[in-house]
Amino acid sequence: MSSLKSGRVLLSAVALAAAFAVGVLISQVWFSGSSDDNIPASPGGAAEGGLPPASTPAEPNGEPPSGDRSADWQVNSDAPGSNQAPSSSAPRDDAGTMPAAPESEPAPVVAVLDKEPPTYEDALAIAAALAPHTNYPSDCMSPLPHPELLPNAPRAYRFGIHQGVDFLCFSLGRHAVAALDGRVVLAVGDYQDPDPDDRDELLDVARALEATPPFTLLSLYGNYVVIDHGLVPFIGHVVTLYAHLHEVDPDIRVGQTIRAGERVGEIGNRGTHAAANGDFYEDPHLHWELHIDNQFLGAGLNTEQTREVYTTLFSEALG
């Protein structure tokens, strides 16, 4: 009986000790969860068992960042202007860290393609330098005495100016030949002339713009060939164009080399008003252009200056 009583006393002591230990454990957990001045964890805090989130730096005006920007807010103390907040849309590297701002913004690259055309003196010098190598591109009538057939003559029907030289032939069967050695870069030999009304509507756009759009001008060339003569020292990039051809020579192909004097095609009137009306025999002529660095030779010159430049260019070809 005494042993049973002592066993009950021992069991009660063990239960009391266990209860005391549980109470101590609960109190430790309670006080641990109430630390940090009872500040509740933010919704974006660390996961259970992880590190607490770092404190969020203030905005430049002393206010904490608003909304979700706190996740994007990073300041690089080594970068100039580090007291400024980078945009949340700024690019990041593979690790998700915003790269440091460059010390200075790079200057934008601006490609300027247009430039002032050569002066009269420079145009004369170009013509004189090319003259020994230039072949007369047609055996038709010389245009030199006729300003309306030379560059810079007005072309009121399309609100533009003439960019080339017109060699009037008066009949089919005459040939255009390469003026210089070069390589064919473009050849259109299957041109279909538009109906007169369609052609007029194209030109109505030019009238409305008071200028000839580049692709409208291209549509007026009919069958044509373009030859690239390369970069000529002290002159520039030289290109010639042969337009209004009745037909392109069948041996012409893009990429082939061609020698000065070799046949380009038969001269005609394709692309003109007469051809649009179905008359392919009226006023056949070669429209020929010479371009230096993407500008026709003589651009901006007056009538007499233009005539002198092209007289110089063809001086040796005409003997």
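Residues numbered from 1 in each chain as written. Predicted model: local features only at pLDDT ≥ 70, side-chain atom pairs only at ≥ 80, totals over all residues. Heavy atoms only, no water.

Caption draft 1: Broad picture of a negative patch on the surface. A surface patch of negative charge is lined by Asp195, Asp197, Asp198, Asp200 and Glu201. Considering the arrangement of structural elements, one finds Asp195 in the loop between β5 (182-188) and α3 (196-209). (Patch = residues over 30% accessible without salt bridge, like charges linked within 9 Å, V, L, I, M, F, W, Y side chains within 5 Å. Areas by Shrake-Rupley, 256 points an atom, 1.4 Å probe, with all protein chains shown as cover. Salt bridge = Lys/Arg side-chain N within 4 Å of Asp/Glu carboxyl O. Lys, Arg positive; Asp, Glu negative; His and termini not counted. Charge placed at Lys NZ, Arg CZ, Asp CG, Glu CD. Helix = DSSP H or I, 4+ residues; strand = E, 2+ residues; numbered from the N terminus.)

Caption draft 2: Quick look at helix α6 (residues 303-313). Among all positions in α6, only Thr306, Val309, Tyr310, Thr312 and Leu313 are buried. Projection of α6 onto a plane perpendicular to its axis shows the buried side chains occupying an angular sector of 155°, all on one side. Of the surrounding elements, those touching the buried residues of α6 are α2 (120-130), β3 (165-168) and β10 (285-292). (Buried < 20%, exposed > 50% of the residue type's maximum accessible area, 1.4 Å probe, protein only. Arc of directions from axis to C-beta. Contact = heavy atoms within 4.5 Å.)

Caption draft 3: Spotlight on the pairing of strand β7 (residues 236-248). With ten of 13 residues buried, β7 is to be regarded as a mostly interior element. Relative to β7, strand β6 (residues 223-232) runs antiparallel, the two being bridged by seven bridges. Looking at β7, one finds that Asp228 is bridged to Val239. What sits between β6 and β7 in their antiparallel hairpin is a turn of three residues, with Phe234 showing a positive phi close to 70°. Of the pairings in the sheet, the one linking β7 to β10 comprises six bridges and is antiparallel in character. Residue pairing in the sheet places Tyr242 in a bridge with Trp288 of β10. Looking at chain direction, β7 and strand β9 (residues 263-267) are connected through three bridges and run antiparallel. (Pairing = 2+ DSSP bridges.)

Caption draft 4: Seen up close, the confidence of the model for the protein. Taken over all residues, the pLDDT of the protein has a mean of 77, while the share at 70 or more is 64%. pLDDT under 50 marks residues 22-99. Its contacts with residues more than four places away, or in other chains, come to 46 contacts. Contacts from residues 105-113, a stretch scored under 50 in pLDDT, to residues over four places away or in other chains number zero contacts. (pLDDT = per-residue confidence, 0-100.)

Caption draft 5: Representation of the nonpolar core in the model. Ranked by internal contacts, the top residues of the largest apolar core, which has 37 residues, are Tyr242, Val264, Trp288 and Tyr310. Contributing elements (two or more residues each) for this core: α2, β3, β6, β7, β9, β10 and α6. (Core = buried A, V, L, I, M, F, W, Y, C linked by side-chain atoms within 4.5 Å.)

Caption draft 6: Seen up close, the side chain of Thr240. Within the secondary structure, Thr240 is located in strand β7. Classification of Thr240 by relative accessible area gives buried; the value is 0%. Within polar-contact distance, the side chain of Thr240 engages the side chain of His229 at 2.6 Å. At 2.9 Å, the side chain of Thr240 and the side chain of Tyr242 are in polar contact. Apart from the residues within four sequence positions on either side, Thr240 is in contact with Val225, Val226, Ile227, His229, Trp288, Glu289 and Leu290. (Polar contact = N/O pair within 3.5 Å; in protein donor to acceptor, adjacent residues only side chain to side chain.)

Caption draft 7: Structural view of α2. Residues of α2 that are buried include every one of Ala123, Ile126, Ala127 and Leu130, and no others. Looking straight down α2, one finds that the buried residues subtend no more than 95° of arc, so they occupy a single side. Of the surrounding secondary structure, the elements contacted by the buried residues of α2 are β10 and α6.

Caption draft 8: Structural context of the packing of aromatic side chains. Enumeration over the complete set of coordinates arrives at six aromatic pairs. Pairwise contacts between aromatic rings join Tyr136, Phe167, Trp288, Tyr310 and Phe314 into one cluster. Above the plane of the ring of Phe280 lies Arg270, whose end atom (NZ or CZ) is 4.6 Å from the centre. (Phe/Tyr/Trp six-rings, centres within 6.5 Å; stacked < 30°, edge-to-face > 60°. Lys NZ or Arg CZ within 6 Å of the ring centre and 35° of its normal.)

Caption draft 9: Region of interest: the state of the cysteines. Overall, the coordinates contain one disulfide when judged by the stated rule. Each sulfur of the disulfide joining Cys140 and Cys169 lies 2.0 Å from the other. Since a negative S-S torsion denotes a left-handed disulfide, the Cys140-Cys169 link at about 100° is right-handed. Taken together, the residues span a long stretch of sequence, with Cys140 in the loop between α2 and β1 (154-155) and Cys169 in the loop between β3 and β4 (175-177) at a distance of 29 residues. Judged by its relative accessible area of 3%, Cys169 is buried. (Disulfide = S-S within 2.5 Å.)

Caption draft 10: Local environment of the environment of Asp228. For Asp228, the location among the structural elements is in strand β6. With a relative accessible area of 21%, Asp228 lands in the partly exposed category. Discounting residues that sit within four places of it in the chain, Asp228 has contacts with Gly182, Arg183, Val185, His237, Val238 and Val239. In terms of polar contacts, Asp228 uses its side chain to reach the backbone amide nitrogen of Gly230, at 2.7 Å.

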